[in-house]
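An overview of the molecular structure
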Amino acid sequence: MSVTRLHAIVVLLMLALTCGPAQAQPAVPANPPLPDRELVIATREVPPFAMKQKDGSWRGISIALWHRIANRLHLRYRFVEQTTNQEMLDGLAKGTFDAAIAAITITAARERMVDFSLPYYTAGLGVAVSTGEPRWRAIFQTLFSFGFLQAVSILLGLAMCVGFLIWLLERQQTEHFRGGARGLGTGVWWSATAMTQAGAGEHAPATLPGRLVAIGWMIASVIAVAVFTAGVTSALTQRELQGAVHDARDLRHAHVGAVANSPAVSYLDREHISHRSFPTALDALKALQAGELDAFVHDKPLLTWLVLQDFSAKLRVLDIVLQQEHYAIALPKVSNPLQQVINAPLLEETESDWWDRTVFQYLGKKQPE
């Protein structure tokens, strides 16, 4: 072999060693192909997110979103109706369904069973209450409330203290205040009579110190009774206008309802708020309308829809949110090509004007920021 040929071979080998690593590019993993079959999508009636029409078709906020995503991905699918969220999640865990969409909230317990897409709607727990309650019930609840009993106890305590002071000043010089229990009782009785403005002339103090205390007490009692009366009137008016519950703190002292095995039950248990469970939201709303409950806690957009449709005359939803919740599409944990491709079209749709119009169409307002 000639030197020239040997040199050429060496040069070629060096070029191969130098260029080889540069040409070997890491493989970019491609998304697995979507199944060329009809997907089975679980859903259930949860107005206004999923509603079944008389002809068997489906509509609603979540259904409209799925239609848009499926069109982007060129998917063939059919909906399979289920009764509860738990049935849908169990079907996903067993591999019966390819996805589930309705009004499924992301929770830690559910995350152990299935996977979720990115959230497409953020809401929270709302509270439905009666638009009003019988006047006798409002009076009864006000008179036996802790605040009312506390105020009465303070007034009685002040009257007893003033009566005791009057007895100390008058027992040596005024006949009707003489004696132990009898004189003390007269002092307390006079103090209570003066406080209620029922007449303070009878059995009044006779000494100068006693009369000075009496004058101060009569002036102070006028103010105390006026404040007490105004507070009771305000409480009664508020109960008539807003019901027994008007913020989250009132739930601890009210008869509260929730749907069994729902996020509302988890919230109420965590906050140590006693409650009564119902199989469906409609059952709970009927109980609230009948006066069996003071409040019903449920997903706020669903609650708003139900009240507006069937209970707007007697029930209303308070303008408070107890706990933030995120709705998402549920997917099986087993290998599923939808897991890798569904989030991009979901974000594109929920960031569009179409999404704002859709939410406004069903709920009458945009999604909360």
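Parameters at a glance
Residues numbered from 1 in each chain as written. Predicted model: local features only at pLDDT ≥ 70, side-chain atom pairs only at ≥ 80, totals over all residues. Heavy atoms only, no water. Helix = DSSP H or I, 4+ residues; strand = E, 2+ residues; numbered from the N terminus. Buried < 20%, exposed > 50% of the residue type's maximum accessible area, 1.4 Å probe, protein only. Contact = heavy atoms within 4.5 Å. Areas by Shrake-Rupley, 256 points an atom, 1.4 Å probe, with all protein chains shown as cover. Salt bridge = Lys/Arg side-chain N within 4 Å of Asp/Glu carboxyl O. Pairing = 2+ DSSP bridges. 1 Å grid on protein atoms, 1.4 Å probe; cavity = no way out; pocket = protein on both sides within 12 Å on 5 of 7 lines; lining within 4 Å. Points joined across faces, edges and corners; volume = space filled by probe spheres on them. Nonpolar A, V, L, I, M, F, W, Y, C, P; charged D, E, K, R; others polar. Polar contact = N/O pair within 3.5 Å; in protein donor to acceptor, adjacent residues only side chain to side chain. Arc of directions from axis to C-beta. Patch = residues over 30% accessible without salt bridge, like charges linked within 9 Å, V, L, I, M, F, W, Y side chains within 5 Å. pLDDT = per-residue confidence, 0-100. Core = buried A, V, L, I, M, F, W, Y, C linked by side-chain atoms within 4.5 Å. Phe/Tyr/Trp six-rings, centres within 6.5 Å; stacked < 30°, edge-to-face > 60°.

Observations regarding the overall build of the protein
Within the protein one finds 14 helices and 13 strands. Split into buried and exposed, the 369 residues of the protein put 42% on the buried side. Taking the contacts inside the protein whose residues are at least 6 apart along the sequence as the reference set, 69% of them involve residues at least 24 apart. Carbon and sulfur atoms form 59% of the exposed surface of the protein, whose accessible area is close to 20,600 Å².

Some words on unusual backbone geometry
In this structure, the amide linkage connecting Pro47 to the following residue, Pro48, adopts the cis form with an omega of 5°. Within the fold, Pro48 resides in the loop between β1 (38-43) and β2 (51-52). The backbone phi angle of Asn261 is positive, close to 60°, even though this residue is not glycine. Mapping Asn261 onto the fold places it in the loop between β8 (256-259) and α9 (263-270). Exposure remark for Asn261: the relative accessible area of 75% places this residue in the exposed category.

Description of the pattern of salt bridges
Within this structure, the stated rule accounts for 11 salt bridges. As a salt-bridge pair, Glu349 and Arg72 come within 2.5 Å of each other at their nearest N and O atoms. Note that Glu349 is positioned in helix α13 (residues 343-350) and Arg72 in helix α2 (residues 61-73), a separation of 277 residues in sequence. A relative accessible area of 3% means that Glu349 is categorised as buried. The shortest N-O distance in the salt bridge between Asp115 and Lys333 comes to 3.0 Å.

Describing the pairing of strand β12 (residues 324-327)
Burial along β12 is one-sided: the face carrying Glu325 and Tyr327 is buried and the face carrying Gln324 and His326 is not. Where strand β7 (residues 121-130) and β12 come together, four bridges link them in antiparallel fashion. Paired with Gly124 across the bridge in β12 is Gln324.

With respect to the layout of surface pockets
The probe, sized like a water molecule, is rolled over the atoms to show the empty space still left. What the largest pocket holds in volume is close to 920 Å³. Lining the largest pocket are 35 residues, with Arg44, Asn85, Val259, Ser262 and His298 sitting closest to its centre. Counting residues per element, the ones that place at least two in the lining of the largest pocket are α3 (85-94), α4 (108-113), α9, α10 (281-289), β10 (295-299), α11 (300-311) and β12. Considering each element in turn, the lining of the largest pocket owes the most residues, five residues, to α9. Considering only residue class, the lining of the largest pocket consists of 15 nonpolar, 14 polar and six charged.

Section: the pairing of β10
Side-chain positions along a regular strand alternate between the two faces of the sheet. Most of β10 sits inside the fold, with five of its five residues counted as buried. Inspection of the sheet shows β7 paired to β10 by four bridges, in the antiparallel sense. The residue bridging Leu125 from the neighbouring strand is Asp299, located in β10. Bridging between β8 and β10 involves two bridges; their strand directions are parallel. Paired with Gly257 across the strands is Phe296, a residue of β10.

A word on the environment of Asp55
Within the secondary structure layout, Asp55 lies in the loop between β2 and β3 (58-59). Among the polar contacts listed, one links the side chain of Asp55 to the side chain of Ser57, at a separation of 2.6 Å.

Considerations on α3
By the burial criterion, the buried members of α3 are Asn85, Met88, Leu89, Gly91 and Leu92. Mapping the buried residues of α3 onto a view down its axis gives an arc of 160°, with all of them on the same face. Of the residues trailing α3, Gly95 is marked for its positive phi of about 85°.

Looking at a nonpolar patch on the surface
A contiguous nonpolar surface patch, about 710 Å² in accessible area, is contributed by Leu208, Leu212, Ile215, Ile219, Val222, Ile223 and Val227. The residue Ile215 is located in helix α8 (residues 208-242) in this model.

Overview of the confidence of the model for the protein
The predicted model of the protein has a mean per-residue pLDDT of 79, with 76% of residues at 70 or higher. For the protein, helix α1 (residues 3-23) is the element with the lowest average pLDDT, namely 53, and strand β5 (residues 99-100) is the one with the highest, namely 96. Scored below 50 in pLDDT, residues 20-30 shows zero contacts in the model against residues more than four places distant or in partner chains.

Quick look at the nonpolar core
Grouped together as the largest cluster of nonpolar side chains are 66 residues, with contacts concentrated most on Trp66, Tyr120, Tyr121, Leu285, Phe296 and Ile329. Here this core takes eight residues from α2, the largest share from any one element. Of all hydrophobic cores here, the second largest spans 17 residues; its members include Ala254, Ala264, Leu268 and Leu322.

A closer look at the packing of aromatic side chains
Here the structure, examined in full by the defined rule, presents eight aromatic pairs. A ring pair is formed by Trp58 and Phe79, whose centres lie 6.5 Å apart and whose planes are at 55°; its orientation type is tilted. Taken together, the residues Trp58 in strand β3 and Phe79 in strand β4 (residues 76-81) connect sequence positions 21 residues apart. Grouping residues by exposure puts Trp58 and Phe79 together as buried. Between Trp354 and Trp355, the ring centres sit 6.0 Å apart and the planes meet at 45°, which makes this aromatic pair tilted.

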